[in-house]
Every structure is written in structure tokens, then in C-alpha cells.
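Analysis of the macromolecular model
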Amino acid sequence: MRIRILGCSGGIGAGVRTSAMLIDDDVLIDAGTGIGDLELADIDSIRHVFLTHSHLDHVAGLPMLVDRVFDENFAVPLTVYAREETLRAVQDHLFNDVIWPDFSNLPTPQNPMLQYRVCSPGDSIDIAGRRFGAVEVQHTVPSLGFTVQNSQSAFAVSGDTKRNETLWPALNACDDLRVLVIEVSFPDEQQDLAVEAGHYTPTTLLADLQQLRHEPQIWLTGMKPGEEETILDQVRRASPDRDFHMLSRGTVLTV
Ligand SMILES: [Zn+2]
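One structure accompanies this document, and this report is about it.

Thresholds, definitions, all that
Residues numbered from 1 in each chain as written. Predicted model: local features only at pLDDT ≥ 70, side-chain atom pairs only at ≥ 80, totals over all residues. Heavy atoms only, no water. Helix = DSSP H or I, 4+ residues; strand = E, 2+ residues; numbered from the N terminus. Rg over C-alpha atoms; globule rule 2.2 N^0.38 Å. Buried < 20%, exposed > 50% of the residue type's maximum accessible area, 1.4 Å probe, protein only. Contact = heavy atoms within 4.5 Å. Areas by Shrake-Rupley, 256 points an atom, 1.4 Å probe, with all protein chains shown as cover. Donors = N, O, S within 2.8 Å, 3.2 Å for Na, K, Ca; no water. Tetrahedral: all angles 85-135°; square planar, octahedral: opposite > 155°, others 65-115°. Salt bridge = Lys/Arg side-chain N within 4 Å of Asp/Glu carboxyl O. Pairing = 2+ DSSP bridges. Axes fitted to C-alpha atoms, helices over the stretch in contact; angles between N-to-C directions. Arc of directions from axis to C-beta. Polar contact = N/O pair within 3.5 Å; in protein donor to acceptor, adjacent residues only side chain to side chain.

1. A few points about the overall build of the protein chain
Helices and strands together make up the secondary structure of the protein chain, namely eight helices and 14 strands. Scaling as 2.2 N^0.38, a compact globule of 255 residues should have a C-alpha radius of gyration of about 18 Å, and the protein chain matches this with 18 Å. Projected onto its principal axes, the C-alpha coordinates of the protein chain cover approximately 55 × 35 × 30 Å. Counting all 255 residues of the protein chain, 52% fall into the buried class. For the protein chain, contacts bridging at least 24 residues in sequence account for 59% of all contacts bridging at least 6. Working note: accessible area of the protein chain is about 11100 Å², and carbon and sulfur atoms make up 47% of it.

Below you can see the structure in the form of C-alpha cells.
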């Protein structure tokens, strides 16, 4: 399984893109501005999009993606998987025939090229030898993390979250967790803001990480632009024995 990071920043700026990762060539987890750098042929291969939550940095590219893959002769519809609340937000606020066309009714309501599938915490969805498991996390809106397991090993992505009791047991239940992509948006100096905004800081992440029984590579994501080095330094100092890396646009992970 190949995981290509298209964007992993918590904001915009020259050279950075917001959250999106491509699994092999057909599945996206989140559809932030990072998908705008894909070649057209790569975009056309995408048929599944898992959304962690409804915030704009995770869905901003979705309307353009759907528009790109729209083809009246499509063979396989594009399926968006997310919590019920997330799907409702996307339908009501993006694909509402005001901001963007309602592609779930096009080209015809009977045979739409965009379809929604509710994915609740605890659900798992199998796509071509990969099992996507939805995990409850704690953010300011209903949110999910995902585990992705193939026949050999697993990786996981937290989505946006603050301290929680649900992600860690789900990770411990994975067979051979090789890679964990986890958010840590703010440095310790902004602890109060992080709690209010539903995000980890190095201190809160390290406190929760003590529950993890596996020892995967840990890739940090979602950092506010300009805070990346500070956050990585704080994380490494707090836990020198763990294997931490900073995710960046273009990183390719293999599990
Ligand atoms: Zn968010």
C-alpha cells in the first residue's frame, strides 16, 4: 500500500497545501487543497473519498475534484464516505446548487456520478484488499480517524482531534501498525487555544501516546504554518525514544 501525501498543513501559504492523502491510486483520505497538484490522469483514477470531518481545510478541493471526474459516460461513480453529520454539511453547504452543483443528482437522480455513504465510528469498509476502519475522535465537529489494513500491515490517520479515549484502543487492535499519521496543530505555548479548537499540542499528544502499545513510525501533521519546527522540537524533547517525523507535501509512505 502506497500513501502519497498531497497536503498536510493546517493553513495556506507558498508551498503548503491542506490535508489530503492518496492511498494507492484510487482512494483519498480528505480532499483539502493538496489535491490541486495531482496530474489530470491521477485525478481521474480516484473513485473513493473518505472525509475525516467537515472543516474546510479537509474538504476544500472536493467540489473541484467532483467537477473534474464528472463525465456523462462514467462507469463507476465517485463515493464519498463520512459521518452522517459530515455528509449533511457537504450536501447543505457545498453541493447545494448555490456554491456548487448537486452532483448527487447528475447526470440523473437515478444514476448519479456522486454518491454518499455513511461511515460511522466502528464501521469498516473493504476496497480492493484494503480495510478502512472508522474511529471516533474528539474535535469541534463530529470527526473520524481511520485505520487502513491490508494483508500485511496497517497504517492509521487521526484526523483532527484533541485528547480522547477512543483512538488508542483502535490503534492497539491493529495488526502490525507500521505508520501513524497524527495531528499536532499547536505548540505548547498555545495550549488553551488548542483545547478550545479541538487539537493536540506536544504535551497532550505525548500524554495520550502512552496508551499506544505498538511502536510505529509517527508522522506529525496539521501544524499551523510557521510552527512546524517548534512543534517537532517539543515532541522530540518530550519523548526522545519514539520515532517521530514531520510530514510534508510529497512524502510517500509504504506499508
Ligand atoms: Zn478540523
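2. Considerations on the coordination of the zinc ion
Here the zinc ion is held by His53 (NE2), His55 (ND1), His139 (NE2) and Asp160 (OD), and the distances to it run 2.2 to 2.3 Å. Bound by four donor atoms, the zinc ion shows angles of 91 to 170 degrees at the metal and therefore irregular coordination geometry. The sequence pattern formed by the donor residues of the zinc ion is H-x1-H-x83-H-x20-D. You can see histidine 55 sitting in the loop between β4 (48–50) and α2 (56–59) and its partner aspartate 160 sitting in the loop between β10 (154–157) and α5 (167–172), a full 105 residues away along the chain.

3. Concerning the pattern of salt bridges
All chains considered together, the criterion is met by 12 salt bridges. For aspartate 44, the salt bridge identified is with arginine 68, shortest N-O distance 2.8 Å. Linking aspartate 44 in helix α1 (residues 40–45) with arginine 68 in helix α3 (residues 62–69), this pair joins segments that are 24 residues apart in sequence. Under the relative-accessibility criterion, aspartate 44 is labelled partly exposed at 32%. Salt bridges here are not isolated pairs; linked through shared partners, they connect Arg17, Asp37 and Arg249.

4. Concerning the sheet that holds β10
Judged by pairing direction, the sheet is mixed, and its seven strands sit side by side in the order β7-β8-β9-β10-β11-β12-β13 without closing on themselves. Where the open sheet ends on each side, the last strands, each with one partner, are β7 (124–127) and β13 (244–246). Pairwise comparison of adjacent strand axes, ignoring direction, gives a mean angle of 20 degrees for this sheet. Strand direction decides the pairing type here: strand β8 (residues 130–137) and strand β9 (residues 143–149), joined by seven bridges, are antiparallel. Its bridge partner lying in β9, glutamate 136 is registered against leucine 144. Here helix α8 (residues 228–238) sits on the sheet in contact with β12 (217–221) and β13, set at roughly 180 degrees to β13.

5. Re α8
Spacing of three or four residues puts side chains on the same side of an α-helix, whose turn is 3.6 residues. Along α8, the residues that are buried comprise Ile231, Leu232, Gln234 and Val235. For α8, the angular spread of the buried residues around the axis is 160 degrees, confining them to a single face. Exposed residues on α8 whose side chains face more than 90 degrees from its buried face are Glu229 and Arg237. The inward-facing, buried residues of α8 abut α7 (202–209), β12 and β13.

6. Digging into the side chain of histidine 214
Looking at where histidine 214 falls in the secondary structure, it is placed in the loop between α7 and β12. Classification of histidine 214 by relative accessible area gives buried; the value is 18%. Here cysteine 174 takes part through its backbone oxygen, which lies 3.0 Å from a polar atom of the side chain of histidine 214. Beyond its immediate chain neighbours, meaning those up to four positions away, histidine 214 contacts Leu171, Asn172, Cys174, Asp176, Leu177 and Arg242.

7. Digging into unusual backbone geometry
Cis geometry marks the peptide bond from leucine 106 to proline 107; its omega dihedral reads 0 degrees. Structurally, the position occupied by proline 107 is in the loop between α4 (84–93) and β6 (114–118). The backbone phi angle of aspartate 30 is positive, close to 70 degrees, even though this residue is not glycine. Along the chain, aspartate 30 falls in strand β3 (residues 27–31). Residue class for aspartate 30 comes out buried when judged on its relative accessible area of 5%. Within the chain, aspartate 97 stands out as a residue other than glycine whose phi angle is a positive 65 degrees. Positionally, aspartate 97 belongs in the loop between α4 and β6.

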